[in-house]
Amino acid sequence: MNKKNFFRLAALPIISLSMGLSCSKSNSNNGYTPTPAPSPGATGNIIAIANMSFSPASKTVAKGASVKWTNNDAYPHTATSNDGSSFDSGNIAGGASYVYVANTAGTFKYHCTIHGTTMSGTLIVNP
Ligand SMILES: [Cu+2]
């Protein structure tokens, strides 16, 4: 068995597992943000991760808003600020999400550490 086929077989249970997790997760919160919104409009601050990209690629929020990245792919991604310190999700598993409370105003370029700068976005936090 070559390496590529082995990886494909090994990935199947992981994909099934993450799909199962995302189903049970969406049942428990019905797709709504689980925590109360800390500022007006915060519930709409969702950045979807799908097909190796962030959508929208550039997102503007108010200071204090909760920004939620939701990974719709079946494999992990990260949302990591290019400055290396503002925010770092760590691995967001397929079907999982990461919330960052944007308490610092500024323009933050970020990327996925797994897939490099080809997978990048911008978070703009208005004062
Ligand atoms: Cu990625």
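It should be noted that the structure appears before, not after, this text.
Source: prediction; values computed, not measured.

## Looking at the overall build of the protein
A count of helical and extended segments in the protein gives one helix and eight strands. Tracing the protein from N to C terminus, the helices and strands come up as α-β-β-β-β-β-β-β-β. Classification of the 127 residues of the protein by burial places 23% in the buried group. Excluding contacts between residues fewer than 6 apart, the proportion of contacts in the protein whose partners are at least 24 apart in sequence is 50%.

## Description of unusual backbone geometry
Of note, the amide linkage connecting Ser55 to Pro56 takes the cis form, showing an omega dihedral of 0 degrees. In the Ramachandran plot, Asn51 falls in the positive-phi region, its phi being about 50 degrees despite a non-glycine side chain. Inspection of the secondary structure puts Asn51 in the loop between strand E1 (46-50) and strand E2 (53-55). The exposure class of Asn51 is exposed, given the 9 C-beta atoms found within 10 Å. Within the chain, Met52 stands out as a residue other than glycine whose phi angle is a positive 65 degrees.

## Brief notes about the pairing of E1
Side chains Ile47 and Ile49 project from E1 onto a buried face, and the interleaved Ile46, Ala48 and Ala50 project onto a face without burial. Direction of pairing for E1 relative to strand E4 (residues 66-71): parallel, over a ladder of four bridges. For Ile49, the partnering residue across the bridge sits in E4 and is Asn71. Bridge count between E1 and E2: three bridges; the pairing is antiparallel. Paired with Ile49 across the strands is Phe54, a residue of E2. Count of turn residues in the E1/E2 antiparallel hairpin: two residues, of which Asn51 carries a positive phi of about 50 degrees.

About the thresholds
Residues numbered from 1 in each chain as written. Predicted model: local features only at pLDDT ≥ 70, side-chain atom pairs only at ≥ 80, totals over all residues. Helix = DSSP H or I, 4+ residues; strand = E, 2+ residues; numbered from the N terminus. Buried ≥ 20, exposed ≤ 12 C-beta atoms within 10 Å, placed from the backbone. Contact = placed C-beta atoms within 7 Å. Pairing = 2+ DSSP bridges.

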